[in-house]
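Single-letter residue listing:
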Amino acid sequence: MKMAFTSCSALPTFICLCFVASSLAQKLILTHAPSYVTVQQQQSKPLSASEIPSVISNTLGISGSQKTPWSGVQSGSLFKRPKASVLLTVVTTQTSGENDISPQGMASFPVEADIPLVDFSSVMNAVQSSFLEEEPLMLDLVADNNFFDINTPNDVFNKLPTSMRSLADQLLDGDSVLSKLKVGSLNHSYTPDQKLLAELQLVDHVLKTLNGDKSLTNGKTPDLFSFAITGLKSVMDAHGTDSDQARDAHRIMTDFIDSLTKDFRKIYNDNVVVQVLVVPAPEKGQVRKVRGLLQATSPSPSTTEVPFIPSSLNLEWDYDQDYPAMFNIILWIMVAWIISVFVIAYGMWNMDPGRDSIIYRMTSQRLKKD
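What you are looking at is a predicted structure, and each value in this text was computed from that prediction instead of being measured.

## Some details on the pattern of salt bridges
Part 1 of the reasoning: Applying the stated criterion across every chain yields a total of 9 salt bridges.
Part 2 of the reasoning: Residues Lys-233 and Asp-237 are paired through a salt bridge, measuring 2.5 Å at the closest nitrogen-oxygen approach. Here the residue Lys-233 and the residue Asp-237 both occupy positions in helix H6 (residues 231–239), the gap between them amounting to 4 residues, near one helical turn.
Part 3 of the reasoning: Overlapping salt bridges, with partners in common, bring together Asp-175, Lys-180, Asp-204 and Lys-208 in one network.

Dropping the structure here:
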């Protein structure tokens, strides 16, 4: 009886510990935000991963974005908004063991992972629709096996390496990310470890691109950056969640996040929101489809694609936001011009020849001479 009682009492405890471990693996960490962005730590319900795009849009003060009842991070000023928003998504296992990512941050919020990865394209579309005449600096980057899906409308990021092999070669350079981080027991020549370090190298490559040209970040529109790091899960799957490599990988991620936050704060003069989303790996069959530069330039030869003809969709042309104003200006100018021409023509047609006008005076003198 005693043993049965102990077994029954341990079961709820085990279930509770599993729930706590699963919830700790899903969180949103706010590492930096400007002083005019309000942060409320206590929330009535956790944030859903599908609501994160709306939270980012509302923080940037983009009008027309979908409202969300979650109010943990909001734009507190109508006249100021962050110049940039950075989202770093770190994919882990369902339970991270004793390890955890704990960077220096302002607040941490629990997250319900209702979708595999955040659809950052909705935020990019919202920014583009709000600033049609400008070219916002936007980048969405995620690894796909041995290649990287890069979604960006800016040509400045076209030179980014898109394969794991090219990034592995850059790790051997003297100014690579390995010179900034203490890799510990990780081996950059081992494929699972190499994937994590290559992803960090690509993010560091983006930072060097922004630091190399200050004019890129001086635009009037807010900039958007999204990075997905999946190599941490590869390290934990290959070595185990409680291995030395897993502990070093978590430490490297924590140090890299702190360094990333400092770099973006320096680039945008503290006028940037940096958020880190820690989520478990999606189940099999749940894959995020992203159209990248590699996909656009290198179609698969095994598949025959029908050429895309825009007119075949029978869609209406997109109108600019200034179209109503320009339409009214042109319309009423044409109305005034038509009325003016009609009045002038009517007056000349019904003009009295007997009047002492310059036209008939010159004509009458010419008749007298003849």
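## A look at the nonpolar core
Part 1 of the reasoning: In terms of nonpolar packing, the biggest core is built from 49 residues, with Leu-88, Leu-200, Phe-225, Phe-227, Met-253 and Phe-264 touching the most fellow members.
Part 2 of the reasoning: Ignoring any residue separated from it by four or fewer positions in sequence, one finds Phe-227 in contact with Val-86, Leu-87, Leu-88, Thr-89, Leu-139, Leu-141, Val-203, Val-206 and Phe-264.
Part 3 of the reasoning: Counting 35 residues, the second-largest nonpolar core is a separate cluster that includes Ala-33, Leu-87, Phe-131 and Val-279.

## With respect to helix H2 (residues 52–59)
Part 1 of the reasoning: Of all 8 residues making up H2, 8 are buried, and the element is well covered by its neighbours.
Part 2 of the reasoning: Those residues of H2 that fall on the buried side of the exposure criterion are Ile-52, Pro-53, Ser-54, Val-55, Ile-56, Ser-57, Asn-58 and Thr-59.

## Describing unusual backbone geometry
Part 1 of the reasoning: In this structure, Asn-269 is a non-glycine residue whose phi angle is positive, near 55°.
Part 2 of the reasoning: Within the fold, Asn-269 resides in the loop between helix H7 (244–267) and strand E10 (272–280).
Part 3 of the reasoning: Using a relative accessible area of 65% as the deciding quantity, one classes Asn-269 as exposed.
Part 4 of the reasoning: For Asp-270, which is not glycine, the phi torsion reads 70° and is therefore positive.
Part 5 of the reasoning: Turning to its location among the elements, Asp-270 is positioned in the loop between H7 and E10.
Part 6 of the reasoning: Under the relative-accessibility criterion, Asp-270 is labelled partly exposed at 35%.

## Remarks on the packing of aromatic side chains
Part 1 of the reasoning: For the coordinates displayed, the defined rule picks out 5 aromatic pairs.
Part 2 of the reasoning: An angle of 10° between the planes, with centres 6.5 Å apart, marks the rings of Phe-264 and Tyr-268 as stacked.
Part 3 of the reasoning: The exposure class assigned to Tyr-268 is buried, which follows from its relative accessible area of 4%.
Part 4 of the reasoning: An angle of 25° between the planes, with centres 6.3 Å apart, marks the rings of Phe-342 and Tyr-346 as stacked. Here Phe-342 and its partner Tyr-346 are both found in helix H9 (residues 323–349), 4 residues apart, which amounts to about one turn of the helix.
Part 5 of the reasoning: Ring pairing ties together the aromatic residues Phe-225, Phe-227, Phe-264 and Tyr-268, which thus form one cluster.

## Brief notes about the packing of H6 against H7
Part 1 of the reasoning: Where H6 meets H7, the axes come as close as 9 Å, and the angle between the chain directions of the two elements is 165°. With respect to their mutual orientation, H6 and H7 come out roughly antiparallel. Considering the relative orientation of H6 and H7, their crossing is left-handed. The segment H6 lies against H7, with Leu-232, Val-235, Met-236 and His-239 engaging Gln-245, Ala-246, Ala-249, His-250 and Met-253.

## Description of the pairing of strand E7 (residues 138–144)
Part 1 of the reasoning: A large share of E7 lies buried, amounting to 6 of its 7 residues.
Part 2 of the reasoning: Here E7 runs beside strand E9 (residues 223–229); their pairing, made up of 5 bridges, is parallel. Opposite Val-142, over in E9, you have Ala-228 as the bridge partner.
Part 3 of the reasoning: The turn linking E7 back onto strand E8 (residues 147–151) is made up of 2 residues, and Asn-145 within it adopts a positive phi angle of 60°.

## Let's talk about the packing of helix H5 (residues 191–212) against H7
Part 1 of the reasoning: The geometry of H5 relative to H7 is characterised by a closest axis approach of 11 Å and an angle of 10° between their N-to-C directions. One way to sum up the angle between H5 and H7 is to call them roughly parallel. Every residue of H7 that contacts H5 at Leu-196, Leu-200, Val-203, Leu-207, Leu-210 and Asn-211 is listed here: Ala-249, Ile-252, Met-253, Phe-256, Leu-260, Asp-263, Phe-264 and Ile-267.
Part 2 of the reasoning: Looking at the contact of H5 with H7 residue by residue, the classes come out as 12 nonpolar, 1 polar and 1 charged.

So, how was this worked out
Residues numbered from 1 in each chain as written. Predicted model: local features only at pLDDT ≥ 70, side-chain atom pairs only at ≥ 80, totals over all residues. Heavy atoms only, no water. Salt bridge = Lys/Arg side-chain N within 4 Å of Asp/Glu carboxyl O. Helix = DSSP H or I, 4+ residues; strand = E, 2+ residues; numbered from the N terminus. Core = buried A, V, L, I, M, F, W, Y, C linked by side-chain atoms within 4.5 Å. Buried < 20%, exposed > 50% of the residue type's maximum accessible area, 1.4 Å probe, protein only. Contact = heavy atoms within 4.5 Å. Phe/Tyr/Trp six-rings, centres within 6.5 Å; stacked < 30°, edge-to-face > 60°. Axes fitted to C-alpha atoms, helices over the stretch in contact; angles between N-to-C directions. Parallel < 35°, antiparallel > 145°, perpendicular 65-115°, else oblique. Left-handed = near helix turned anticlockwise from the far one by under 90°. Pairing = 2+ DSSP bridges. Nonpolar A, V, L, I, M, F, W, Y, C, P; charged D, E, K, R; others polar.

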